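Observations on the three-dimensional arrangement
Here are the chains, one letter per residue:
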Amino acid sequence: MIDPQSLASLMDRVYVAARPGMVFSAPIEANGYTVITASEVMGGGGFGLGNGQSTTEGSGGGGGGGGGAVARPVAIISIGPDGVQVKPVVDATKLGLAALTAWGAVALTAFKMLRSAR
């Protein structure tokens, strides 16, 4: 049986990850400009239960659960005398890993083509 208190605690944590403050930061004002950070927020979770009984003696049970959330900045919104500007935040690590993966796939394909041509 699921403990209602544990379920309520889990839902509270999910709500905290989904609130608007996780996506948009509090505005920061300085020198006539207001700056707001926009973020990408992702989350997931799962839960499982099990139960069993033997025809002779004994019984068994189980349970489990888990979840997580990740947030990363994706844009800076600047509001000033010149109007509103939205500037993307470039994640150099993510771009580097994507480039390495793409070049690895190209190299592997070229290697296989050269090998099969022999």
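Our structure's up above, just so we're on the same page.
Given the structure is predicted, the values throughout are model-derived calculations rather than measurements.

1. Some points on the pairing of strand 3 (residues 59–80)
The pairing of strand 2 (residues 33–53) with strand 3 spans 20 bridges and is classified as antiparallel. What sits directly across from Gly45, in strand 3, is Gly67. Hairpin connection, strand 2 to strand 3: the antiparallel pair is bridged by 5 residues, and Gly58 has positive phi, about 90 degrees. Of the strand pairs in this sheet, strand 3 and strand 4 (residues 83–88) are connected by 6 bridges, and their pairing is antiparallel. Bridged to Ile77 within strand 4 is Val86. What sits between strand 3 and strand 4 in their antiparallel hairpin is a turn of 2 residues.

2. A closer look at the sheet that holds strand 4
The sheet built from 4 strands is open, its strands ordered 1-2-3-4 with antiparallel pairing. The two strands at the open ends of the sheet, each matched to only one other strand, are strand 1 (28–30) and strand 4. Between one strand axis and the next, the sheet turns through 25 degrees on average, direction left out of account.

Conventions and cut-offs
Residues numbered from 1 in each chain as written. Predicted model: local features only at pLDDT ≥ 70, side-chain atom pairs only at ≥ 80, totals over all residues. Heavy atoms only, no water. Pairing = 2+ DSSP bridges. Helix = DSSP H or I, 4+ residues; strand = E, 2+ residues; numbered from the N terminus. Axes fitted to C-alpha atoms, helices over the stretch in contact; angles between N-to-C directions.

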